[in-house]
Amino acid sequence: MEFFRIRRTIPFMRHALVLNLISLITFALAVFFIATRGFHLSIEFTGGTVMEVHYSQGAQIDKVREAVASLGYSDFQVQNFGTSQDVMIRLPVREDLGSAAQSESVLEALKAQSPDVELRRVEFVGPQVGQELVTNGLLALLFVVVGIMIYLGLRFEWKFAVAGVVANLHDVVIILGFFALFQWEFSLAVLAGVLAVLGYSVNESVVIMDRIRENFRKQRTSSVQEVINSSITQTISRTIITHGSTQMMVLSMFFFGGPTLHNFSLALTIGIWFGIYSSVFVAAAIAMWLGVKREDLVKPVKKEDPAAEIM
């Protein structure tokens with residue numbers, strides 16, 4: 001399916017050096033912000049108080065948030081839990097208040113709005129649990145990267161594997177850099193978004209790599225740079241359809257999904273746009289500079305020995 005077809009090959013690789021220098025600067029700035037500013041970790045990572053309350057009718061999440069915010073909290077989470085009548089509230093650690101005092105004050109504020117609210121459960125999540133989540137999240141990220149490299153190495157060639165992993169890490173680090181720079185809350189949902197971007201970005205890289213392999217077979221007289229340029233040009237219509245439809249879905253979550261999905265969709269939006277850029281300019285250019293050639297992807301046809309046929 002194509003919205004349009006470009007008849008003339010676009011010379012993408014002509015500007016690869018300049019664009020990759022920009023990528024290198026952006027990558028370095030992201031690493032700098034991550035190292036100097038760190039992340040604004042959510043309650044899942046830092047620990048805090050978890051409350052579960054029940055309403056006789058459907059809970060109005062916006063009013064629950066207003067009640068909690070009126071107590072001076074800024075970093076908290078409110079979401080439905082199981083049914084529309086059950087609400088889970090996550091409160092950050094406060095040195096001046098214990099877990100019991102926090103839950104009592106929040107319950108009083110909620111009862112002032114709706115006397116029918118009932119407290120079902122109160123738990124304190126310690127920072128040790130948060131540290132385990134950080135460790136497990138980093139391990140998950142590492143396993144995904146290693147798995148992608150093995151897949152690309154077996155599916156294509158090691159030069160494409162290296163190029164694809166560098167491009168994917170480029171996307172991940174830039175997403176993390178945005179969250180460090182603007183101190184957006186980094187939660188488990190954001191971590192899930194980062195992992196989703198890894199898979200989403202590698203899919204775009206695989207499509208371009210597969211087209212490069214096909215064109216190496218068809219365009220036998222073309223140079224490597226010409227093959228890469230034509231491969232990217234031929235997949236532009238597909239890229240617009242895929243990323244455009246995905247971005248519309250993500251933007252609907254961003255504008256209408258509420259605070260719970262806000263940062264998740266924000267991470268996906270950054271990842272989608274940088275994923276397109278890295279697949280076209282970073283992955284393809286690195287593979288070209290590593291010296292990928294037709295013989296790496298197209299196995300030569302073995303000629304049969306005439307003497308063997310006679311025998």
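Residues numbered from 1 in each chain as written. Predicted model: local features only at pLDDT ≥ 70, side-chain atom pairs only at ≥ 80, totals over all residues. Heavy atoms only, no water.

Caption draft 1: Here's a closer look at the overall build of the protein chain. If you tally the helices and strands in the protein chain, you get 12 helices and six strands. Overall, the protein chain is about 95 × 45 × 40 Å in size when its C-alpha atoms are taken along their principal axes. With 311 residues in all, the protein chain has 44% of them scored as buried. Restricting the contact set of the protein chain to residue pairs at least 6 apart, pairs at least 24 apart contribute 79%. (Helix = DSSP H or I, 4+ residues; strand = E, 2+ residues; numbered from the N terminus. Buried < 20%, exposed > 50% of the residue type's maximum accessible area, 1.4 Å probe, protein only. Contact = heavy atoms within 4.5 Å.)

Caption draft 2: Structural context of empty space enclosed by the protein. According to the stated counting rule, one finds one cavity of 30 Å³ or more in the structure shown. Its boundaries defined by the atoms lining it, the largest cavity holds a volume of some 30 Å³. Every element with two or more residues in the lining of the largest cavity is listed here: α7 (188–218) and α10 (259–289). At four residues, α7 tops the list of elements feeding residues into the lining of the largest cavity. Taken together, the residues of the lining of the largest cavity break down into six nonpolar, two polar and no charged. (1 Å grid on protein atoms, 1.4 Å probe; cavity = no way out; pocket = protein on both sides within 12 Å on 5 of 7 lines; lining within 4 Å. Points joined across faces, edges and corners; volume = space filled by probe spheres on them. Nonpolar A, V, L, I, M, F, W, Y, C, P; charged D, E, K, R; others polar.)

Caption draft 3: Molecular detail of helix α6 (residues 158–182). For α6, built from 25 residues, the straight-helix expectation of 36 Å at 1.5 Å per residue is met to within 8% by its first-to-last C-alpha distance of 36 Å. Two residues or fewer past α6, Q183 is found with a positive phi of approximately 55 degrees. (Expected span 1.5 Å × (residues − 1).)

Caption draft 4: Examining the nonpolar core more closely. Ranked by internal contacts, the top residues of the largest apolar core, which has 54 residues, are M13, L152 and I232. Secondary structure elements with two or more residues in this core: α5 (127–155), α6, α7, α8 (224–234), α9 (236–256) and α10. Tallying contributions element by element places α10 first for this core, with 16 residues. Each residue touching I232, except ones within four places of it in the same chain, is listed here: F12, M13, I208, V280 and A284. Grouped together as the second largest cluster of nonpolar side chains are 19 residues, V53, V64, Y73 and A109 included. (Core = buried A, V, L, I, M, F, W, Y, C linked by side-chain atoms within 4.5 Å.)

Caption draft 5: Region of interest: unusual backbone geometry. In this structure, Q183 is a non-glycine residue whose phi angle is positive, near 55 degrees. Here Q183 is to be found in the loop between α6 and β6 (185–186). According to the relative accessible area criterion, Q183 is partly exposed, its value standing at 29%.

Caption draft 6: Spatial organisation of the environment of G38. Summarising the element assignment, G38 is placed in the loop between α1 (16–37) and β1 (40–41). As for G38 and H170, which are separated by 132 residues in sequence, their C-alpha atoms are 18 Å apart. Those residues in contact with G38 that lie beyond four places of it in its chain are F33, A180 and Q183.

Caption draft 7: Expanded view of the layout of surface pockets. Quantified by volume, the largest pocket comes out at close to 450 Å³. Lining the largest pocket are 17 residues, and of these F76, Q77, E185, P259 and T260 lie nearest its centre. Of the residues in the lining of the largest pocket, the class split is five nonpolar, seven polar and five charged.

Function-wise, these values are silent; they only describe arrangement.
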